[in-house]
Amino acid sequence: MFIILIHSSLCACNNNNNVTELVDRVCEKTSNYTFCVESLYSDNHTPNADPYALAYVAFRLAYRNATGTRDYIAKLLNNASCSSCHYHKILVRCEDDYKEAVSAIEKGYKDLNSQTYLELDYLAGVASDDAEDCHEQGKTSYYYNSMIEFMNKDLKGLCQICVVISKLLA
Ligand SMILES: *[C@@H]1O[C@H](CO)[C@@H](O)[C@H](O)[C@H]1NC(C)=O
Ligand SMILES: *[C@@H]1O[C@H](CO)[C@@H](O)[C@H](O)[C@H]1NC(C)=O
Ligand SMILES: *[C@@H]1O[C@H](CO)[C@@H](O)[C@H](O)[C@H]1NC(C)=O
């Protein structure tokens, strides 16, 4: 037992010096450690964040991503000339997905504000599933916009961070 304790504390010291122990603990549970650290550290609250503050950072990043993608898709829809085309249908479906994702993340914010964390990880999961649905729609289309694909990946990655932190708070 003693050895395990020493070992795990040594492991904490061996990690990237620039990453807090909390960020390290969160990011090692995600599928892409580098993405997680880079994303969280794009916000200057992260170095001093406790789990609660870090949850805000993660949900804020996810929110910004989801709204940014939703607005981007709306622009593409405005530009799309052929409203009966397959590509147009994909965009409409993706726009619905991203509206739902934004609304799920907004509800997550409310959970955070009220300090009831019961639905946080579920809501982050909903947003992630929306990004996945958009990806599933698009991958069959030759005309599918590669920017959306990157954005789907970003949102899924950010939602995964939200889920891990939500579980810490619960
Ligand atoms: C992990 O994230 C980094 C930084 O965003 C990215 O460059 C890399 O391609 C990602 N790796 C995988 C396997 O997706
Ligand atoms: C979405 O998140 C990724 C990864 O953190 C970031 O590189 C990208 O700029 C974000 N996009 C928006 C619109 O916020
Ligand atoms: C929409 O079309 C305009 C004019 O062709 C173009 O400048 C703009 O980049 C397009 N927007 C998107 C999101 O593709």
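Everything here concerns the structure above.
No experiment lies behind these values; they were computed from the predicted model shown.

## Quick look at the layout of surface pockets
Here the largest pocket is characterised by a volume of approximately 230 Å³. Every residue lining the largest pocket is listed: Thr30, Ser31, Asn32, Phe35, Cys36, Phe150, Lys153, Asp154, Lys156, Gly157, Gln160 and Ile161. Where the lining of the largest pocket is concerned, the elements lending two or more residues are helix 3 (33-40) and helix 7 (146-169). The greatest single-element share of the lining of the largest pocket, amounting to seven residues, is contributed by helix 7. For the lining of the largest pocket, the residue count by class is four nonpolar, five polar and three charged.

## Concerning the nonpolar core
Counting 47 residues, the largest nonpolar core has Val26, Leu40, Leu54, Phe59, Leu112, Leu155 and Ile161 as the members making the most contacts within it. Contributing elements (two or more residues each) for this core: helix 2 (21-27), helix 3, helix 4 (51-79), helix 5 (86-113), helix 6 (120-138) and helix 7. Tallying contributions element by element places helix 4 first for this core, with twelve residues. Contact partners of Leu54, with chain neighbours within four places excluded, come to Leu22, Val23, Val26, Leu40, Thr46, Ala49 and Ile165.

## Some remarks on the site of ligand 2
In the vicinity of ligand 2, the contacting residues are Phe35, Ser39, Asn65, Asp154 and Leu158. Measuring from an oxygen atom of ligand 2, one finds a side-chain N or O atom of Ser39 at 3.0 Å. At 2.4 Å, a side-chain N or O of Asn65 approaches an oxygen atom of ligand 2. Elements with a minimum of two residues in the shell around ligand 2: helix 3 and helix 7. Classifying every residue of the shell around ligand 2 by side-chain character gives two nonpolar, two polar and one charged.

## Observations regarding the packing of aromatic side chains
What describes a pair of aromatic rings is the distance from one ring centre to the other and the angle between the planes of the rings. Inspection of every chain in the model, using the stated rule, returns four aromatic pairs. Seen from their ring centres, Tyr56 and Tyr109 are 6.1 Å apart, and the 50 degrees between their planes marks the pair as tilted. On the criterion of sequence distance, the pair formed by Tyr56 in helix 4 and Tyr109 in helix 5 is long-range, its members being 53 residues apart.

## Here we look at the site of ligand 3
The environment of ligand 3 is made up of Tyr72, Lys75, Leu76 and Asn79. Take Asn79: an N or O atom from its side chain is 2.2 Å from an oxygen atom of ligand 3. Computed on the free molecule, ligand 3 has an accessible area of 360 Å², of which 34% lies beneath the protein chains in the complex. Here the shell around ligand 3 is built from residues that sort into two nonpolar, one polar and one charged.

Conventions and cut-offs
The residue numbering used here restarts from 1 in each chain and proceeds along that chain's sequence as written. Think of it this way: whatever chain is written first is A, whatever ligand is written first is 1, and the rest follow in order. Residues qualify for local features only when their pLDDT is at least 70, as the model is predicted, and side-chain atom pairs are given and counted only at 80 or more; totals for whole chains, interfaces and linings, by contrast, use all residues. No hydrogens and no water enter the side-chain calculation; it runs on all heavy atoms of the structure. Within this scheme a cavity is a closed region of a 1 Å grid, computed over the protein atoms alone, that accommodates a 1.4 Å probe without allowing it to escape, whereas a pocket is open but has protein on both sides within 12 Å along at least five of seven lines; lining residues each have an atom within 4 Å of a point. Grid points are joined across faces, edges and corners, and a volume is the space filled by probe spheres set on the points. Put simply, DSSP marks the helices as runs of H or I at least four residues long and the strands as runs of E at least two long, and each gets a number from the N terminus on. Put simply, Ala, Val, Leu, Ile, Met, Phe, Trp, Tyr, Cys and Pro go in the nonpolar bin, Asp, Glu, Lys and Arg in the charged bin, and everything else, Gly too, in the polar bin. Think of a nonpolar core as a cluster: buried Ala, Val, Leu, Ile, Met, Phe, Trp, Tyr and Cys residues, connected wherever their side-chain atoms sit within 4.5 Å. Burial here depends on accessible area, computed with a 1.4 Å probe over protein chains only, as a share of the maximum for the residue type. Under 20% is buried, over 50% is exposed, and the range in between is partly exposed. Here, two residues are considered to be in contact whenever any of their heavy atoms come within 4.5 Å of each other. Residues are labelled near a given molecule or strand when at least one of their non-hydrogen atoms is within 4 Å of it. Pairs of N or O atoms are called polar contacts if they sit within 3.5 Å, as long as, within protein, a hydrogen donor faces a hydrogen acceptor (for residues adjacent in sequence, only side-chain-to-side-chain pairs). Classification of ring pairs rests on two measures: the distance between centres of Phe, Tyr or Trp rings, Trp counted by its six-membered ring, which must be within 6.5 Å, and the angle between planes, read as stacked under 30 degrees, edge-to-face over 60 and tilted in between. A 1.4 Å probe and the Shrake-Rupley method give the accessible areas. Residues count as covered only by the protein chains that appear here.

So yeah, pure geometry; function would need other evidence.
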